[in-house]
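Spelled out from the first residue to the last, the chains are:
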Amino acid sequence: MRRKYGHALIIMITFLIFIYTDGVHAQSKDYYTNENGVKVSTKTYNFINEFYGNNYFEKMTIDDLNWIQDLNIDNSDVEIKTIYDYGISPMTSSLNQNGKTLTIVKSCSKNCAIIVKCTWTSLPNVRSYDIIGARFSGTNLISDSIVTKFSSSEGYDFVYDAKGFVNGFGTSVKLPSGSNVTIEQKYTLAKGGKVYASYQHAKKQISLSNSQLFVIDSAGYGNVFKFYGAATGVYDEMEGVDITL
């Protein structure tokens, strides 16, 4: 019996030593650098892993790093909502539905920088004009700078146009060819209030002008988009995400 307990004690001590030394090693590493020369702090590295996935940093470029610079991660309070819902709840903070994952992040200091990301986890059958945008409650845009980035295995590009309203906006994005399709949108809001974000996928082909037939309404798809005219019944009614500022 004594031998058994002694053996267990040795294993436990070894396990504790492993935890301690591993923790010291992790804490001593202040920066991470990849093969593209991208160097980030531990805090930023952890954000990248959570928001983009564990393998993203390895291939990250300087342009990719510049995209998230507005978040000022090292000097701000950053919040990512990672609750996944499969259409059961009408409003969540991160949502997976119909082969897409929708996530929102905020980083607040004086104002709040927002990035909304829709990642396609499957290949879209229809590649027409999808809509991404937001509705505001108790807050407003700090500037008219709304940038939408769309990327795939074929590369990436940006859209700077948005249809604006007093209570929100929406941007039409032509889905790119290729795989690994991701749509991201970035803007800055005044601190306080709440933002509701939505991504709506066109289930059939629609023209750019007809994709703009919407208003911003809490009763709309994702609590953001209410379509009318030729856009009625075109979009997939994906649920939205929200975050308090």
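The structure reproduced in this document is the subject of the present report. Predicted model only: the values in this text are computed from it and were never measured.

**Regarding the overall build of the chain**
(1) Moving on: Of regular secondary structure, the chain possesses five helices and 17 strands.
(2) Moving on: The burial tally for the chain puts 46% of its 245 residues in the buried class.
(3) Moving on: Partitioning the contacts of the chain with sequence separation of at least 6, the portion at a separation of at least 24 is 69%.
(4) Moving on: Surface accessibility of the chain: about 12900 Å² in total, with carbon and sulfur atoms responsible for 51%.

**Comments concerning helix H2 (residues 42-52)**
(1) Moving on: Within H2 the residues assigned to the buried category are Thr44, Tyr45, Phe47, Ile48, Asn49, Phe51 and Tyr52.
(2) Moving on: Residue Gly53 follows H2 closely and has a positive phi angle near 110°.

**Regarding the side chain of Lys186**
(1) Moving on: Tracing the sequence through the fold places Lys186 in strand S13 (residues 182-190).
(2) Moving on: On the basis of relative accessible area, Lys186 is assigned to the buried category, the value being 11%.
(3) Moving on: A polar contact is formed between the side chain of Lys186 and the backbone oxygen of Trp67, at a distance of 2.8 Å.

**A look at the packing of aromatic side chains**
(1) Moving on: Scanning the model with the defined rule gives 16 aromatic pairs in all.
(2) Moving on: Their ring planes at 85° and their centres at 4.9 Å tell us that Phe51 and Tyr52 sit as a pair that is edge-to-face. Note on accessibility: Phe51 and Tyr52 belong to one class, buried.
(3) Moving on: Between Phe136 and Phe169 the ring centres are 5.9 Å apart and the planes differ by 55°, which places this aromatic pair in the tilted class. Here the residue Phe136 occupies a position in strand S8 (residues 129-137), and Phe169 occupies one in strand S12 (residues 168-174), the gap between them amounting to 33 residues.
(4) Moving on: Overall, Phe136 belongs to the buried group, its relative accessible area being 9%.
(5) Moving on: Look at Phe169 and you get buried, because its relative accessible area is 1%.
(6) Moving on: One Lys or Arg, Lys39, reaches over the ring of Tyr31 and ends 4.9 Å from the middle of that ring.

**Some words on the nonpolar core**
(1) Moving on: Counting residues in hydrophobic clusters, the biggest one holds 28 residues, and the most contacted among them are Ile104, Ile114, Val116, Ile183, Tyr187, Val195 and Tyr199.
(2) Moving on: Listed by contribution, the elements that provide at least two residues to this core are strand S6 (100-108), strand S7 (111-120), S8, S12, S13, strand S14 (194-200) and strand S17 (240-244).
(3) Moving on: For this core, the element with the most residues is S7, which contributes five residues.
(4) Moving on: Once residues lying within four places of it in the same chain are set aside, the contact partners of Ile114 are Ile104, Val105, Lys106, Gln185, Lys186, Tyr187, Leu189, Val195 and Leu245.
(5) Moving on: If you look at the next biggest cluster of nonpolar residues, it comprises 21 residues, including Val40, Tyr45, Tyr52 and Met60.

**As for the pattern of salt bridges**
Note on pairing: side chains with opposite charge can pair once their charged atoms come close.
(1) Moving on: Across all of its chains, the model carries five salt bridges by this definition.
(2) Moving on: Of the charged contacts, one joins Lys100 and Asp236 as a salt bridge, the two residues approaching to 2.8 Å between their closest N and O atoms. Note that Lys100 is positioned in strand S6 and Asp236 in the loop between strand S16 (225-227) and S17, a separation of 136 residues in sequence.
(3) Moving on: On the accessibility criterion, Lys100 (0% relative accessible area) is buried.
(4) Moving on: Among the salt bridges present, the one from Lys194 reaches Asp242, with a minimum N-O distance of 3.2 Å. A residue pair is termed long-range when its members are at least 10 positions apart, and Lys194 in strand S14 and Asp242 in strand S17 qualify at 48 residues.

Calculation criteria
- Within every chain, residues take consecutive numbers counted from 1 along the sequence as written.
- In view of the model being predicted, local features appear only for residues whose pLDDT reaches at least 70, and side-chain atom pairs are presented and counted only at 80 or more, with totals across whole chains, interfaces and linings using the full set of residues.
- Computation of side-chain values covers all heavy atoms of the structure but excludes hydrogens and water.
- Every helix listed is a DSSP run of H or I at least four residues long, and every strand listed is a run of E at least two residues long, numbered separately from the N terminus.
- Type-normalised accessible area, obtained with a 1.4 Å probe on protein chains alone, sets the label of each residue: buried when under 20%, exposed when over 50%, and partly exposed for intermediate values.
- We call two residues contacting when some pair of their heavy atoms lies within 4.5 Å.
- Accessibility throughout is a Shrake-Rupley quantity obtained with a 1.4 Å probe, and a residue counts as covered only by protein chains that appear here.
- Identification of polar contacts relies on pairs of N or O atoms within 3.5 Å, with a donor-acceptor requirement for protein atoms, meaning one able to donate a hydrogen and the other able to accept it, and with residues adjacent in sequence counted only if both atoms are side-chain atoms.
- Ring geometry is summarised as follows: Phe, Tyr and Trp rings, the Trp one being its six-membered ring, pair when their centres sit within 6.5 Å, and such pairs are stacked at plane angles under 30 degrees, edge-to-face over 60 and tilted between the two.
- A ring has a charge above it when a Lys NZ or an Arg CZ is no more than 6 Å from the ring centre and no more than 35 degrees off the ring normal.
- In this text, buried Ala, Val, Leu, Ile, Met, Phe, Trp, Tyr and Cys residues form a nonpolar core when linked through side-chain atoms within 4.5 Å.
- One speaks of a salt bridge when a side-chain nitrogen belonging to Lys or Arg is within 4 Å of a carboxyl oxygen belonging to Asp or Glu.

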